[in-house]
Amino acid sequence: MLPDAPLFSIIIPFKAPGPYLAESLPHLLALLEPRFEVILLPDAPMDVSAWTDDPRVRAVATGAVSPALKRDRGAELSLGEYLAFIDDDAYPDPAWLTVARIAFEDQPQLAAVGGPAVTPADDPFWARASGAVFLSRLTGFPERYRPTPPSRDVDDWPTVNLIVRRDAFFAVGGFDTACWPGEDTKFCLDLVYKKGGVIRYLPELFVWHHRRPGLKKHLRQVGNYGLHRGHFVRVHPETSRRVRYFLPAAWVVFLVAAVLHGLAALAGLPVWGCGGALIGLGFGAYAFFLVLILCDLLRFEPLPVALAAMPFVALTHAWYGLRFLQGLTKKKLISSLGR
């Protein structure tokens with residue numbers, strides 16, 4: 001690295017500049033660690049001078065390609081020793097790069113660090129409800145959505161808040177551009193299991209991340225994750241063949257069995273004598289599970305937001321599970337631009 005080169009290259013893929021960029025740029029330029037560059041990766045050419053006169057910011061048009069391709073392109077153009085990936089609808093805490101720098105300097109064995117992406121307090125009500133779905137320890141990975149000590153090693157982390165050593169990034173060939181979403185899962189798998197790299201979760205390394213504003217967009221995102229995770233169970237079992245990913249799918253199978261049992265009973269067909277009791281027990285257990293989730297959410301969100309999140313939770317389980325089962329049947333997934 002040249003003496004005057006930036007220490008960090010912040011790489012941001014997006015479709016077109018808009019309100020999110022107007023919000024995030026001031027936060028980026030106010031970072032406590034000043035040795036960075038910002039590489040913006042829109043589809044079409046943009047006039048950076050209309051947004052900032054800071055020479056550390058530049059834009060490179062990529063065309064309408066996937067976020068994975070954009071990130072690889074940004075990495076190729078970067079000058080920094082560390083590549084800091086963040087989404088266009090997120091903005092960092094002022095100490096974001098400082099925390100990462102200290103961790104890399106203190107622990108030379110680290111290939112990457114990641115941290116939580118916290119829902120901003122001023123997000124719209126229904127966006128807050130969408131984000132609340134993931135805050136409970138009973139709904140998956142709360143460490144990705146709120147600071148959750150202690151610091152620990154992980155083998156799968158999203159690119160909304162992932163900072164990678166430059167040499168480690170290129171050692172694995174960057175992101176697998178055939179995947180979207182899920183390119184981050186494949187990248188982390190290669191980094192940890194093929195190259196022996198260490199990814200460290202740092203709860204104090206956080207960014208603010210806007211959530212999908214409404215149920216339809218929320219379920220679309222969740223469904224895409226479920227589809228790709230189900231497919232990854234087949235092709236990348238090292239980090240995807242885990243019990244927690246199968247639980248929503250098991251719930252969907254139960255729901256289908258309950259519906260078939262009910263239809264058979266209504267039609268006067270022979271049914272298993274204990275089936276009705278077991279189905280009732282299953283629905284009762286799930287209702288109790290939802291109550292536990294609600295109690296957990298109330299630790300982080302006010303009652304109206306927590307209550308509004310409960311339909312999101314139930315539909316998330318069902319839709320993720322259904323798409324997960326669909327992904328299990330796919331021998332190959334065609335990449336989407338996510339548009």
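Report on the accompanying structure. Every chain is numbered independently, its residues counted from 1 as its sequence is written. Predicted model: local features are reported for residues with pLDDT of at least 70 only, side-chain atom pairs are reported and counted for 80 or more only, and whole-chain, interface and lining totals are derived from all residues. Side-chain numbers come from the whole structure's heavy atoms, not from hydrogens or water.

This part covers the overall build of the protein. For the purposes of this entry, the term helix denotes a DSSP run of H or I that reaches at least four residues, the term strand denotes a run of E that reaches at least two, and both are numbered from the N terminus. Across its full length, the protein holds 11 helices and 11 strands. For 339 residues, the compact-globule formula gives about 20 Å, and the C-alpha radius of gyration of the protein, at 22 Å, lands near that figure. Whether two residues are in contact is decided by their heavy atoms, any of which lying within 4.5 Å being enough. Contacts in the protein between residues far apart in sequence, at least 24 positions, make up 78% of those at least 6 positions apart. If you sum the accessible surface of the protein, you get close to 15,500 Å²; carbon and sulfur atoms cover 65% of it. Neither His nor the chain ends contribute to the count of charged residues, in which Lys and Arg are positive and Asp and Glu negative. Every charge is mapped onto a representative atom, which is NZ of Lys, CZ of Arg, CG of Asp or CD of Glu. Between the centroid of the 35 positive side chains of the protein and the centroid of its 32 negative side chains there is a distance of 9 Å. Atoms counted for the radius of gyration: C-alpha only. Globule rule: 2.2 Å times residue count to the power 0.38. Residue burial considers only the protein chains on display, and all accessible areas are found by Shrake-Rupley using a 1.4 Å probe.

The terminal C-alpha atoms of helix H10 (residues 275-297) lie 33 Å apart, and with 23 residues this matches the ideal 33 Å at 1.5 Å per residue to within 8%. Each residue gets one of three labels from its accessible area relative to the maximum for its type: buried under 20%, exposed over 50%, partly exposed in between, using a 1.4 Å probe on protein chains only. Burial in H10 covers these residues: Gly275, Ile279, Gly282, Tyr286, Leu290, Ile293, Leu294, Asp296 and Leu297. Of the surrounding elements, those touching the buried residues of H10 are helix H4 (125-132), helix H9 (243-266) and helix H11 (303-328). An expected span of 1.5 Å times one less than the residue number is assigned to each helix.

With that settled, the discussion passes to the sheet that holds strand S11 (residues 207-209). Any two strands with at least two DSSP bridges between them are considered paired. Strand order in the open sheet made by the three strands is S5-S11-S7, with mixed pairing throughout. Strands at the two margins of the open sheet, each flanked by one partner only, are strand S5 (90-92) and strand S7 (117-118). Both S7 and S11 contribute to a ladder of two bridges, which runs parallel. Residue pairing across strands places Ala117 opposite Val207, the latter belonging to S11.

Quick look at the sheet that holds strand S9 (residues 161-165) now. Pairing within the open sheet is mixed, and its eight strands lie in the order S3-S2-S1-S4-S9-S6-S10-S8. Strands with a single pairing partner mark the edges of an open sheet, and in this sheet they are strand S3 (57-59) and strand S8 (152-154). The sheet shows a mean angle of 25 degrees between the axes of neighbouring strands, taken without regard to direction. For strand S1 (residues 8-13) and strand S2 (residues 36-41), the ladder comprises six bridges, and the chain directions are parallel. Across the sheet, residue Ile11 finds its bridge partner in S2, namely Ile39. To define axes, lines are fitted to C-alpha atoms, for helices over the stretch in contact only, and angles between the resulting N-to-C directions are given on a 0 to 180 degree scale. Contacts from helix H1 (residues 19-29) reach S1, S2 and S3 within the one sheet, and its direction differs from that of S2 by about 165 degrees.

Interaxial distance between H9 and H11 falls to 7 Å at its minimum, and their mutual angle equals 100 degrees. Looking at the two axes, H9 sits roughly perpendicular to H11. Contacts between H9 and H11 involve Tyr245, Phe246, Pro248, Ala249, Trp251, Val252 and Val253 on the former and, on the latter, His317, Ala318, Tyr320, Gly321, Leu322, Phe324 and Leu325. Here the nonpolar group is Ala, Val, Leu, Ile, Met, Phe, Trp, Tyr, Cys and Pro; Asp, Glu, Lys and Arg are the charged ones; every other residue, Gly included, is treated as polar. Split by residue class, the contact of H9 with H11 holds 12 nonpolar, two polar and no charged. In what follows, roughly perpendicular refers to angles from 65 to 115 degrees, roughly parallel to angles under 35, roughly antiparallel to angles over 145, and oblique to any angle outside these ranges.

Any carboxyl oxygen of Asp or Glu within 4 Å of a side-chain nitrogen of Lys or Arg constitutes a salt bridge here. Here the structure, examined in full by the defined rule, presents 20 salt bridges. With its nearest N and O atoms 2.8 Å apart, the salt bridge here joins Arg200 to Asp153. Remark: Asp153 occurs in strand S8 and Arg200 occurs in strand S10 (residues 198-201); sequence separation between them is 47 residues. Where Arg229 meets Asp156, a salt bridge forms, and the shortest distance between an N and an O atom there is 3.1 Å. With Arg229 in helix H7 (residues 215-235) and Asp156 in the loop between S8 and S9, this pair connects stretches of sequence that are 73 residues apart. We note that Arg229, like Asp156, is buried.

Below, the discussion takes up the side chain of His218. Its location among the elements puts His218 in helix H7. The buried category is assigned to His218, whose relative accessible area is 0%. His218 has contacts with Ser130, Val133, Phe134, Arg212, Phe312 and Thr316, leaving out every residue within four places of it along the chain.

A pair of Phe, Tyr and Trp rings is counted when the ring centres sit within 6.5 Å of each other, with Trp represented by its six-membered ring. The angle between the planes then sorts it: under 30 degrees is stacked, over 60 is edge-to-face, the rest tilted. Counted according to the given criterion, the structure contains 21 aromatic pairs. Seen from their ring centres, Phe8 and Tyr82 are 5.1 Å apart, and the 35 degrees between their planes marks the pair as tilted. On the criterion of sequence distance, the pair formed by Phe8 in strand S1 and Tyr82 in strand S4 (residues 82-86) is long-range, its members being 74 residues apart. Using a relative accessible area of 0% as the deciding quantity, one classes Phe8 as buried. Take Tyr82: its relative accessible area is 5%, and that puts it in the buried class.

Before going further, it helps to examine H1. If you check which residues of H1 are buried, you get Leu21, Ser24, Leu25 and Leu28. Here the buried residues of H1 occupy an arc of 110 degrees about the axis, which is enough to place them on one side. In the core, the buried residues of H1 are packed alongside S1, S2, S3 and S5. Note that the arc is defined by the directions from the helix axis to the C-beta atoms.

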